[in-house]
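Spelled out from the first residue to the last, the chains are:
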Amino acid sequence: VDVIYTIIPVSASGCKGDAFTVTVTIKPEPVVADQTAIVCSDEAIGVTLNPSSSVAVASYNITNINSNGLQAGASNSIVSNDVLAAALENDTYTNNSNNPVDVVYTIVPFSSGGVEGEEFTVTITVNPAPKVADQVIEVCSGEELGIDFNASTGIDAATYNIDVLNLTGLIVNSGGVSVGVDFLPGDLSDDSFINETEAPVDVVYTVVPVSAAGCEGAAFEVIVTVNPAPVVANITEIVNSGDAIGVDLVDDPSISIISSYIIDDINTNGLEAGLNNSSINDSVLYDGIFNDTYTNLTSSIVDVIYTIIPVSASGCKGEAFTVTVTIKPGPVVADQTAIVCSDEAIDVTLNSSSSVAVAKYLIKDINSNGLIATPGVTNTLINAEIASDGLKDDSYSNNSNASVDVLYTIVPVSAQGVDGEEFTLTVTVNPEPIVTGEEIEVCSGEELGIDFNASSTIAVASYEITEILIDGSTNITGINTIAGFSVGSGTPRQGTSLSADEISDDSFINTTSSPVEVEYTVVPLSTEGCEGNAFTITVTVNPKLGDADFSLTPSGTFDDLYGVDDP
């Protein structure tokens, strides 16, 4: 554009000359409007400088850059001349604050004719990006992560983009596990994975946090170590009532990672558990239920079912498994008692079972409390296997003054070989009287004048005369007079419930020429009705003297012969 001055020259004397012109050609300058842009931290600003609204811009001089404290990228533009319109496109700035920050470029445009335009500004608003630290967590196979994505240490993350997901061969169990965008912070919490190996395996999420303004922060990792959980197959066992179940809680393939077991439940189905059995909620080792016992008093098999959770060394609980123990019933026999007399066969038939039938009885112990077998009798021995009538002929001698108990400890055994609970047979052996025999000598017609001897042990309640012999022959009908021999007084007889003085007034008349022997066989009885061994009273009855029985001698006198004064 020409600017034309018309000018009149004037002399010192005031004379005006002719007008002349001054023509000034004004070359145009570029006119560039101020510019603004909004970018995210560390994002290329992507700005191409505005063109001129007048003459074209040939180049730009960057006269100032005010970054307001932001960190410029390593390849950013600097204050310099003759830059092109695209010079700022790849500039980046890191905004680690919690607020947007403006970077202001001051720029002067130049035309191709070298005309400098008015300076203008490029204002870049750099929004901060979220900054999220890596996360490392440890879970068990099948266990939900139970966490959110970490929060940003700067501006909040509104959403998260999962760019990469490395499952390392694990199986997704739950949650929306996938690569994608716009995940919310809590979308991670219900993810879970199944680790069927015997070693920990890492799942790695590569995640980009995104602010509400759409600014992506640097990617971070969520590293999830998934520990394996033990896997144990169900176990079954069959045992006898009262026996240790003998189960070890070990099963491949997870034996190497199992540390302990939790007993979650025990269903005894009504059976009686042993006093030292494991209990619900116990934490046990592999042999924790090995010695458990159960008593089956029914007539059928009964299952005891354990529900058990295996636990790894890292504390991971596996799926519960069951141990089913079938308890075979044993015979149930009640205790027995019997009362017998010394030397009497106990005559006991052992009780039958109230559950499963008894096939045989095992004698575990015999406590005779000092008694011995009756002479001539072979009693049952310890460890003998007998039928129900196997003890009938056992007998014991009790020579004491009191009753003595003989205790048999017996185990009933079923046809399937199952031992029942032991029971006791208590045989009370009452003592018998022990009376010694007597021998006396009397004259014909003289009363015996004796009582039966008392017992040296338990008292005699009564006596029984079982036999009377006269010179070795039994007189069945009583004392029948034989030639020259007869009853003088008393009632010599066989009989029961006799008192001790039964024979004291007995006497016999012997008119024979020789002594006659009378022998009583007597059995003593106690108040309990126990018969002692028979004893004998042997009476020698001397004959009555007649005229032919003696002669006087000259030297004898009546006194000398009879010892009396009255002839």
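Quick note: structure is the one above.
Each value, and the rule that gives it
- Residues numbered from 1 in each chain as written.
- Predicted model: local features only at pLDDT ≥ 70, side-chain atom pairs only at ≥ 80, totals over all residues.
- Heavy atoms only, no water.
- Helix = DSSP H or I, 4+ residues; strand = E, 2+ residues; numbered from the N terminus.
- Rg over C-alpha atoms; globule rule 2.2 N^0.38 Å.
- Buried < 20%, exposed > 50% of the residue type's maximum accessible area, 1.4 Å probe, protein only.
- Phe/Tyr/Trp six-rings, centres within 6.5 Å; stacked < 30°, edge-to-face > 60°.
- Pairing = 2+ DSSP bridges.
- Salt bridge = Lys/Arg side-chain N within 4 Å of Asp/Glu carboxyl O.
- Patch = residues over 30% accessible without salt bridge, like charges linked within 9 Å, V, L, I, M, F, W, Y side chains within 5 Å.
- Areas by Shrake-Rupley, 256 points an atom, 1.4 Å probe, with all protein chains shown as cover.
- Lys, Arg positive; Asp, Glu negative; His and termini not counted.
- Charge placed at Lys NZ, Arg CZ, Asp CG, Glu CD.
- Axes fitted to C-alpha atoms, helices over the stretch in contact; angles between N-to-C directions.

Undergrad: Would you explain the overall build of the protein in this entry?
TA: The number of helices and strands found in the protein is 1 helix and 38 strands. Radius of gyration (C-alpha) of the protein: 64 Å, far over the 24 Å computed for a compact globule of 567 residues. Counting only C-alpha atoms and orienting by the principal axes, one finds that the protein spans roughly 245 × 45 × 30 Å. Residues counted as buried form 42% of the 567 residues belonging to the protein.

Undergrad: Is there a simple way to explain the packing of aromatic side chains in this structure?
TA: What describes a pair of aromatic rings is the distance from one ring centre to the other and the angle between the planes of the rings. Counted under the stated rule, the structure contains 11 aromatic pairs. Judged by centre distance (6.2 Å) and plane angle (80 degrees), the rings of Tyr361 and Phe423 are edge-to-face. You can see Tyr361 sitting in strand β25 (residues 360-367) and its partner Phe423 sitting in strand β30 (residues 423-430), a full 62 residues away along the chain. Accessibility classification places Tyr361 together with Phe423 in one group, the buried group. Ring geometry for Phe452 and Phe535: centres 5.9 Å apart, planes at 80 degrees, overall edge-to-face. With Phe452 in the loop between β31 (438-443) and β32 (462-470) and Phe535 in strand β38 (residues 535-542), the pair connects residues that are 83 residues apart, well separated along the chain. When its relative accessible area of 4% is taken as the criterion, Phe452 is described as buried. What makes Phe535 buried here is its relative accessible area of 4%. An aromatic cluster is built from Phe149, Tyr160 and Phe220, whose rings are joined through pairwise contacts.

Undergrad: For this particular structure, what's the right way to read the pairing of strand β15 (residues 201-210)?
TA: The side chains of a regular strand alternate between the sheet's two faces. In terms of residue burial, β15 counts as a mostly covered element, since 9 of its 10 residues are buried. Where strand β11 (residues 159-166) meets β15, 7 bridges bridge the pair, whose relative direction is antiparallel. Its bridge partner being in β15, Tyr160 is matched across the sheet by Pro209. Where β15 lies against strand β16 (residues 220-227), 7 bridges are found, and the strand directions are antiparallel. Paired with Tyr205 across the strands is Val222, a residue of β16.

Undergrad: Honestly, unusual backbone geometry in this entry has me stumped. Any pointers?
TA: Trans peptide bonds make up the majority, and among non-glycine residues the majority have a negative phi. With a phi close to 50 degrees, Asn68 is a non-glycine residue in the positive phi region. Within the secondary structure layout, Asn68 lies in the loop between β4 (57-66) and β5 (71-72). The partly exposed category is assigned to Asn68, whose relative accessible area is 44%. Non-glycine residue Thr168 carries a positive phi angle of around 50 degrees. When you line up the elements, Thr168 lands in the loop between β11 and β12 (171-174). Residue classification places Thr168 among the partly exposed residues on the basis of a relative accessible area of 45%.

Undergrad: When you look at the pattern of salt bridges in this model, what are you seeing that I'm missing?
TA: When charged atoms on two side chains of opposite charge get close, those side chains can pair. Under the defined criterion, the tally for this structure stands at 3 salt bridges. The partner of Asp347 in a salt bridge is Lys392, with the nearest N and O atoms 3.9 Å apart. With Asp347 in the loop between β24 (336-341) and β25 and Lys392 in the loop between β27 (385-386) and β28 (396-397), the pair connects residues that are 45 residues apart, well separated along the chain. You can call Asp347 exposed: its relative accessible area is 53%. Here Lys392 falls in the partly exposed class, since its relative accessible area comes to 30%. One salt bridge connects Glu385 with Lys360, and the closest N-O pair in it is separated by 3.2 Å. Of the two residues, Glu385 sits in strand β27 while Lys360 sits in strand β25, which places them 25 residues apart along the sequence. What makes Glu385 exposed here is its relative accessible area of 52%.

Undergrad: Is there a simple way to explain a negative patch on the surface in this structure?
TA: A contiguous patch of negative charge, built from Glu143, Glu144, Asp148, Asp187 and Asp190, is present on the exposed surface. Mapped onto the elements of the fold, Asp148 is located in the loop between β10 (135-140) and β11. A relative accessible area of 43% means that Asp148 is categorised as partly exposed.

Undergrad: I'm lost on the sheet that holds β11 in this one. Help?
TA: Sheets are built from strands paired through backbone hydrogen bonds, the pairs being either parallel or antiparallel. One open sheet accounts for 5 strands, arranged β10-β16-β15-β11-β13; its pairing is mixed. Taken across any chain shown, the strands that pair with only one partner, and hence form the sheet edges, are β10 and β13 (180-183). Ignoring which end each strand starts from, the neighbouring axes of this sheet average 30 degrees apart.

Undergrad: Looking at this structure, how should I read the sheet that holds β24?
TA: Taken together, the 5 strands give an open sheet; going across it, the order is β24-β30-β29-β25-β27, and neighbouring strands pair in mixed fashion. Edge positions in the sheet fall to β24 and β27, since each has one partner strand and no second. Examined bridge by bridge, β25 and β27 share 2 bridges and lie antiparallel to one another. When the sheet's bridge partners are listed, Leu362 is paired in β27 with Glu385.

Undergrad: Would you take a moment to explain the pairing of β30 for this structure?
TA: Of all 8 residues making up β30, 7 are buried, and the element is well covered by its neighbours. Here β24 pairs with β30 via 6 bridges, running parallel. The partner of Ala338 across the bridge, within β30, is Val427. Alignment of strand β29 (residues 404-413) against β30, held across 7 bridges, turns out to be antiparallel. Counted as the bridge partner of Ile410 is Phe423 from β30.

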